[in-house]
Structures are given as structure tokens and as C-alpha cells.
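# Structural characterization, general
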Amino acid sequence: MKNFQKIFGQVHEIEASAPGRVNLLGEHTDYNDGFVLPTAIPQRTRVQLGLSTDAQHHFYSADLDEQVTILDSNYTPSGFASYVFGCVRLLEKEGYTIPSINLHVSSSVPIGSGLSSSAALEVATLRGLRSLLDLPINDVHIAEIAQQAEIHYAGVQCGIMDQMASSLADTEHILFLDTRSLSTQVLPLPTGAEIVVIDSGVPRTLATSGYNERRSECEQAAHLLRVKALRDITDPQALKDLPDPLRRRARHVVTENNRVLEVIQGVSIQRFGELMNASHASLRDDYEVSVPALDILVAILQETSGVFGARLTGAGFGGATVALVEAGKGNAIAVDVLERYNNSGNLGRILVPLIS
Ligand code: ADP
Ligand code: MG
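Residues numbered from 1 in each chain as written. Chains lettered and ligands numbered in written order. Predicted model: local features only at pLDDT ≥ 70, side-chain atom pairs only at ≥ 80, totals over all residues.

### Re the overall build of the chain
Formally: Numbering of helices and strands runs from the N terminus, with a helix taken as a DSSP run of H or I at least four residues long and a strand as a DSSP run of E at least two residues long. For the radius of gyration, the atoms used are the C-alpha atoms, and the globule rule reads 2.2 Å times the number of residues raised to 0.38. Note on burial: count the other C-beta atoms lying within 10 Å of the residue's C-beta; 20 or more is buried, 12 or fewer is exposed, in between is partly exposed, and C-beta positions come from the backbone. In this description, a residue-residue contact is defined by the distance between C-beta atoms placed from the backbone, which must lie within 7 Å.
Looking only at helices and strands, the chain has 10 helices and 12 strands in total. In terms of overall dimensions, the chain is globule-like: its C-alpha atoms have a radius of gyration of 21 Å, near the 21 Å expected for 356 residues. For the chain, the spread of C-alpha atoms along the principal axes amounts to about 65 × 50 × 35 Å. For the chain, with 356 residues in total, the buried portion stands at 48%. Long-range contacts, defined here as pairs at least 24 residues apart, represent 69% of the contacts in the chain between residues at least 6 apart.

This is the structure we're talking about:
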């Protein structure tokens, strides 16, 4: 890997980092004004910064081995530089003077696997700029700027969960986020538990069309129920007159929100695990965003000793699973589950814990 000195011919001045995230509970609830429960993963994105010796910003990603020079402030970069430049521009728009910088990125967060390498890149960049320039911005504001950078400069219509998780959570804590009010609570991860994330190896080909269809079904259901968003319904009984499949789609959202709210009241690890299992069943049967490979992987996890609960995580139609397992057993469980899953003709991959 080419280091800062090799790329920029100087030694970096400061360094900052931010983690990727995984959502433990609260899936497909964010666009219904609902509740989510992400935590940070051990993999982090690191940025190193120094002042540039010319009048231009230079950004380098060691992971892509790609360097981008920002020619002037009207320049609109594409790719990874758009996330970084978006952060710089938004700080300038808030009135801060940002000198020309050299920025080196390297990351252990899997890129494009649903663990939010994009938010980790934005939050690490903003933390780096905060420390280089002594900026008076707090962690919530960092998440807000990061989200705006992703929407307006990288062109990704995202909620704020990823950036809030990367900025406010760590691997020992879960972030409860109310996506309507943006109020948060940082809760400890249940004692005695750790997280296992395994990628199913199934590409998320139908994800965009499926996601848009579910969003529109939720909007239709909310409209028929005369509420602003499905978050406003708490009793699944209220859904009984909706036509199918809207009733089942809405039932997933309502029961999923209730599961998240139960967790923040304080539950045992066993109950937390049961709620994750129930979340998977609801995503599979009511929301219909699972695929056979994800069901197989989740079933193997759920029948494994030491696993409290498991479910698909992310939008579904492929992608990864998350499990809550007994602390200290994550490695052994992940290796054993992956072997059994891959023996059934799949090509899964362990993402968390990091196994050397
Ligand atoms: P995810 O956030 O789930 O990993 P996204 O598609 O939202 O997937 O973000 C991936 C994009 O973020 C990459 O295509 C790249 O532009 C940018 N990115 C993230 N991490 C890095 C990195 N370490 N180096 C360069 N680009 C990165
Ligand atoms: Mg992302």
C-alpha cells in the first residue's frame, strides 16, 4: 500500500478514523419515519491529512489506488472524491475557511457490501478536518454534513442512519435513532454478546426495483390509513381492512418498530435474539425481501449453539446477515456457519468478526 509520504512527498499532520456500521434491528423502517438500531463494526476508515503545497486539494484512496486533484472550487469530481469534496464544500458553505489539503484514505470496511464504507469515509474526513483546523462542530453535526455530502455531492438519496451510526456509535454501543425526530439514545451492547456479519454472496440485483416497490406500497398503506407515515400506527389490528399485500407490508413495519421499542425498554440478550429472529420471519413472510440463500444462512445461524438470534440486514434481495452471539465465540461460530452454508453450494464470506 502506498503511504501518505510516498504519495504526497511529506509527512501527514493529523489522522482520524470512523467505523462502518451494521443495523441490528429496524429494517425498512427508516423511510416510514420509524426506528432503527445500528451499531459500529470493528472495521474503520482512516484518513491522514496535511496542507497541500499548491493551491489545489489532492485526495488519494489507497484502496482504489486512485488520486484525484480538485482543480478549483467549481470542479465536480466523481467517484470517491465526490464524498470527500462534498464534506469540504459544505464546511465552506457554513463559513469555515478550508485551506488546500492532501488527504490519504485507507479502509478495512468492505466497500459496497452494505456496511456503510461511504458514511465511514465522510465521517473520517470530517473528523480529520475538525482536528486539523480545530473546527467547533459536534458529532451530530458531523453526521448531518456527511449525509448532505452523500446526497448533494455523491448523488445518493440516503437517510441519516449510516452517518449517525458512524459518528455516534462504537462497537460496544448501539445507537437508537428515531428517524422522524432524529432523537437518539446510545445504549450499551448487551453484556456477553458480540456481532457476527456474514455476506450471503448473493448479489442484490433486484434490490433497487424491489426497494422502490416497497416504499410505494408503504406510502399507499399510509394514505389508506390516513396517517403521515406508518410510524403513526402502533397496533397491528389497525391494519386489518387493508388489501393484501399492503396489509402484510404495513404489518412488517408496525411490528418491526414495536420490536425496536421493546429493545430500548431493556430486554435480556435471549429476548433481543428472539426479536431478531422475528424480524427475519417478518421480512421473509410479510415484507418478502428475503431470498432462499439468505433464509438458509439465517436458519443455519439460528440453529447454531451460542447464537441468540439472526436475520438478514440491509434492504434484502441478497446481501448480508447479522447475528447476535455469545461473546468470545464469534470467530468459531462464523467459521463453522460459513462452512456449512458454503457446503450447500453457496459462496458466503465472513465480514465481522475480522478473522485473520
Ligand atoms: P457501502 O456504503 O455499503 O459500502 P456505497 O455504495 O454506499 O456502499 O459506498 C461505496 C462508495 O463509497 C465507493 O464506491 C466509493 O466511491 C466510496 N468509498 C467508500 N470507502 C472508500 C475508500 N476507502 N476509498 C475510496 N472510496 C471509498
Ligand atoms: Mg453507503
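There is more to say after this.
### Things to note about the confidence of the model for the chain
Selection criterion: Think of pLDDT as the predictor's per-residue confidence, scored from 0 to 100.
Here the chain shows a mean pLDDT of 96. Residues at 70 or above account for 100%. If you check the scores for this complex, the pTM reads 0.95 and the ipTM reads 0.99.

### Side note on the sheet that holds strand E12 (residues 349-352)
Stated formally: In this description, strands pair whenever DSSP reports at least two bridges between them. Axis definition: a line fitted to C-alpha atoms, over the contacting stretch in the case of helices. Angles run 0 to 180 degrees between N-to-C directions.
Here 4 strands make up an open sheet; going across it, the order is E10-E11-E9-E12 and the pairing antiparallel. Two strands bound the open sheet, and with one partner strand each, they are strand E10 (307-313) and E12. Between one strand axis and the next, the sheet turns by 25 degrees as a mean value, whatever way the strands run. In this structure, E10 lies alongside strand E11 (residues 320-326), joined through 6 bridges in antiparallel fashion.

### A short note on the site of ligand 1
Short version of the rule: Placing the C-beta atom from the backbone, one calls a residue near a molecule or strand if that atom lies within 6 Å of it. Polar here means any residue outside two lists: the nonpolar Ala, Val, Leu, Ile, Met, Phe, Trp, Tyr, Cys and Pro, and the charged Asp, Glu, Lys and Arg; Gly therefore counts as polar.
Near ligand 1 you find 18 residues, and of these Ser-61, Phe-80, Ser-107, Ser-117 and Ser-118 are the closest. Mapped by element, the contributors of at least two residues to the shell around ligand 1 are helix H2 (80-93), strand E6 (101-107) and helix H3 (117-133). A per-element tally of the shell around ligand 1 places H3 first, with 3 residues. Residue composition of the shell around ligand 1, by class: 7 nonpolar, 10 polar and 1 charged.

### Let's talk about the nonpolar core
The nonpolar side chains of soluble globular proteins are, as a tendency, buried together. The criterion, for reference: Residues of type Ala, Val, Leu, Ile, Met, Phe, Trp, Tyr and Cys that are buried and joined through C-beta atoms within 7 Å form what is called a nonpolar core. Domain limits in this description derive from either an automatic procedure or a database domain assignment.
With 91 residues, the main nonpolar core has Val-84, Cys-87, Ala-146, Val-196, Val-197 and Ile-198 as its most contacted residues. Counting residues per element, this core draws most heavily on H2, which supplies 9 residues. If you count residues domain by domain, this core takes at least three from each of domain 1 (4-187) and domain 2 (190-352). Among all residues touching Val-197, those that are not within four sequence positions of it are Val-22, Ile-41, Ala-320, Val-322, Leu-351 and Val-352. Counting 9 residues, the second largest nonpolar core, distinct from the first, contains Ala-222, Ile-233, Leu-239 and Val-253.

### Focus: the pairing of strand E3 (residues 38-51)
Extensive coverage of E3 is indicated by the burial of 10 of its 14 residues. Bridge count between strand E1 (residues 14-23) and E3: 9 bridges; the pairing is antiparallel. Looking at the pairing, Ser-17 lines up with Arg-46 of E3. The pairing of E3 with E6 spans 7 bridges and is classified as antiparallel. Directly across from Gly-50, in E6, lies its bridge partner Asn-102.

### Some points on the UniProt feature "domain: Galactokinase N-terminal" (unreviewed entry) in the chain
The condition is simple: UniProt positions are given in the numbering used here, feature names are shortened, and annotations may be inferred rather than shown by experiment.
Cross-referencing UniProt, the feature "domain: Galactokinase N-terminal" (unreviewed entry) maps to residues 3-47 in the present numbering. Each end of residues 3-47 is marked by a C-alpha atom, and these two atoms are 11 Å apart; helix forms 11% of the span and strand 49%.

### Some points on the domain arrangement of the chain
Once the domains are mapped, the chain shows domain 1 (4-187) and domain 2 (190-352). A C-alpha centroid distance of 27 Å is found between domain 1 and domain 2. Contact with domain 1, which involves 26 residues of that partner, is made by 30 residues of domain 2. Mapped onto the side of domain 1 that touches domain 2, the elements with two or more residues apiece are E1, strand E2 (35-36), E3 and strand E8 (184-188). It is E3 that contributes the most residues to the side of domain 1 that touches domain 2, 3 residues altogether.

### Thoughts on the environment of Ala-62
By secondary structure assignment, the location of Ala-62 is in the loop between strand E4 (57-61) and strand E5 (66-70). Since 18 C-beta atoms lie within 10 Å of it, Ala-62 is described here as partly exposed. Ala-62 sits 30 residues away from Asn-32 along the chain, and the two C-alpha atoms are 38 Å apart. Discounting chain neighbours no more than four positions away, the residues touching Ala-62 are Met-1, Lys-2, His-104, Val-105 and Ser-106.

### Remarks on helix H8 (residues 269-285)
Our working rule: Residue count minus one, scaled by 1.5 Å, sets the expected span of a helix.
Taking 1.5 Å of rise per residue, 17 residues should cover 24 Å, and H8 covers 24 Å from first to last C-alpha, within 8% of that figure. Among all positions of H8, only Phe-272, Gly-273, Leu-275, Met-276, Ser-279, His-280, Ser-282, Leu-283 and Arg-284 are buried. In the core, the buried residues of H8 are packed alongside helix H7 (246-264), helix H9 (292-302), E10 and E11.

### Points about the packing of H3 against helix H4 (residues 139-152)
Where we set the bar: To sort the angles, those under 35 degrees are grouped as roughly parallel, those over 145 as roughly antiparallel, those from 65 to 115 as roughly perpendicular, and the leftovers as oblique. Two helices crossing with the near one rotated counterclockwise from the far one by less than a right angle form a left-handed crossing, whereas a clockwise rotation gives a right-handed crossing.
For the pair H3 and H4, interaxial distance at closest approach is 9 Å and the crossing angle is 125 degrees. In terms of orientation, H3 and H4 fall into the oblique class. Of the two elements, H3 crosses H4, and the hand of that crossing is right-handed. Touching Ser-118, Ala-119, Glu-122, Val-123, Leu-126 and Arg-127 of H3 are Ile-142, Ile-145, Ala-146, Ala-149 and Glu-150, all from H4. Split into classes, the residues belonging to the contact of H3 with H4 amount to 7 nonpolar, 1 polar and 3 charged.

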